[in-house]
Amino acid sequence: MSTRGLLIAAGLLLLTLGALSFLQKQTPGTERGEREQKRVTLLPVREADRFDLKTAKGTFSFRKSKDGEWQLLKPVETGADAATVGQLLSEIQFVEKMQTFPREANTEANLQTFGLGQPTRILTVSTPEGELSVEVGRETPIPGGVYARVRQPKAREQLLVVQNQLAEMMDKDLNAWREKRIFPLVVPEVRELWMRQGAIETEIQKTEDGGWMVRKPVEAPADPAAVQSVLGEISALKAADFVADSEGDLALYGLTAPGQSFEVKSKGTNRILQIGQVNPKETNQVFARMADRPFVFILSKSSLDPLGKLPERVRDRRLATFGSPSQITKIEFGGRGGEYRLEKQGEAWLACW
């Protein structure tokens, strides 16, 4: 066979394989098609911008902000835990039907038997292609399943048995849904950091050239890497628990006159973390709050101890600093053995005695 014939045959073979692959993906009955048929919904649930959840643990409303962050609007207004929200939406996106009941089984008697007459779990998700409603009832006699009723666009109402992981994801309390990070920072935008501990104040300020200076308790250069590390630790602080969603009597928590506070000034923002008294139930924890929020929460003392050593941690201990080693062209030094000089010549160094 000629070279031209071989090339034509190879081309036809590739086209045939591509067509078969495409048809396999599109044809019902393939593994992919079978899995999609088992899924409760094909709506783009993970692209949702809002959802509402009602369970025995409470009523929760979530909205996605313009910057893509999930916010919890009810029962309190605060950030939502992105990982927990993502897990729920993924569970809904990929949850599979274990059993589908015929339309005639959707009777009031069956709904009551399945725990769907007055369901304790109701989820409503707004997706780009319409609203999805999922009601979850009792567990099935066979372990691993729960009864559910699903309503979605372009499909009839369905009565199903689904995997009980969906019910487990829905049955979370407020602390699980809310954001645990209490002081998230955009570190490059920070301009100033204060720590007040009793009568002692520490002030660290960013200079015009992007460096850092300690202004209090003494004026001295600050180590940029150490400052970045401290800001990262502050941004990573997480509440172990929330004990109050309104200010109430702050004296109960030692927060009317906080013994320690951290203030961070960024572009257009100024936030203060206040540290109160030790938790009497757990001595390795302290009560705390953000000055601009009503919530009182608990922090681990071990996460705060390194921050209490702020002055000694951030002070620059380097004897000399250079913008870049490439800027050095000559080094002179001396000792008992004599005086020496290193001079840079092109890319090489010349030693002189």
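Higher on the page you've got the structure.
Presented here is an overview of the structure given in this document. (Residues numbered from 1 in each chain as written. Predicted model: local features only at pLDDT ≥ 70, side-chain atom pairs only at ≥ 80, totals over all residues. Heavy atoms only, no water.)

We now examine a nonpolar patch on the surface. Taken together, the side chains of I331, F333 and W349 make up a nonpolar region of the molecular surface, amounting to roughly 290 Å² of accessible area. Inspection of the secondary structure assignment puts W349 in strand β21 (residues 348–352). Residue classification places W349 among the partly exposed positions, given a relative accessible area of 40%. (Patch = residues over 30% accessible without salt bridge, like charges linked within 9 Å, V, L, I, M, F, W, Y side chains within 5 Å. Areas by Shrake-Rupley, 256 points an atom, 1.4 Å probe, with all protein chains shown as cover. Salt bridge = Lys/Arg side-chain N within 4 Å of Asp/Glu carboxyl O. Helix = DSSP H or I, 4+ residues; strand = E, 2+ residues; numbered from the N terminus. Buried < 20%, exposed > 50% of the residue type's maximum accessible area, 1.4 Å probe, protein only.)

What follows covers the sheet that holds strand β19 (residues 330–335). A sheet is described by the order of its strands in space; here three strands give the open sequence β19-β20-β21, paired in antiparallel fashion. Pairing within the sheet leaves two strands with one partner each, and these edge strands are β19 and β21. For this sheet, the mean angle separating the axes of adjacent strands, direction not counted, is 15°. (Pairing = 2+ DSSP bridges. Axes fitted to C-alpha atoms, helices over the stretch in contact; angles between N-to-C directions.)

Our focus in this paragraph is the packing of aromatic side chains. Throughout the structure, instances matching the rule amount to nine aromatic pairs. Between the aromatic rings of F62 and W177, the centroid separation amounts to 5.3 Å while the plane-to-plane angle is 65°, which identifies the pairing as edge-to-face. Taken together, the residues F62 in strand β2 (residues 58–64) and W177 in helix α6 (residues 174–177) connect sequence positions 115 residues apart. For W177, a relative accessible area of 0% puts it in the buried group. Three or more aromatic residues joined by ring pairs form one cluster here, namely F51, F60, F62, W70 and W177. When the ring centre of F242 is taken as reference, the NZ or CZ atom of R178 above it lies at 3.7 Å. The ring of F295 has R178 sitting right over it, with the charged end atom 4.9 Å from the ring centre. (Phe/Tyr/Trp six-rings, centres within 6.5 Å; stacked < 30°, edge-to-face > 60°. Lys NZ or Arg CZ within 6 Å of the ring centre and 35° of its normal.)

In this structure, E219 sits in the loop between β12 (212–216) and β13 (220–221). Excluding residues that lie within four positions of it along the chain, E219 makes contacts with M213 and V214. Engagement of the side chain of E219 in a polar contact is seen with the side chain of R215, the distance being 2.9 Å. (Contact = heavy atoms within 4.5 Å. Polar contact = N/O pair within 3.5 Å; in protein donor to acceptor, adjacent residues only side chain to side chain.)

Overall, the coordinates contain 15 salt bridges when judged by the stated rule. When the shortest N-O distance is used, the salt bridge between E157 and R151 registers 2.9 Å. According to the relative accessible area criterion, E157 is partly exposed, its value standing at 28%. When the shortest N-O distance is used, the salt bridge between R181 and E179 registers 3.5 Å. Residue R181 is classed as partly exposed on the basis of its relative accessible area of 35%. Sharing partners across several salt bridges, the network here consists of E135, R149, R151 and E157.

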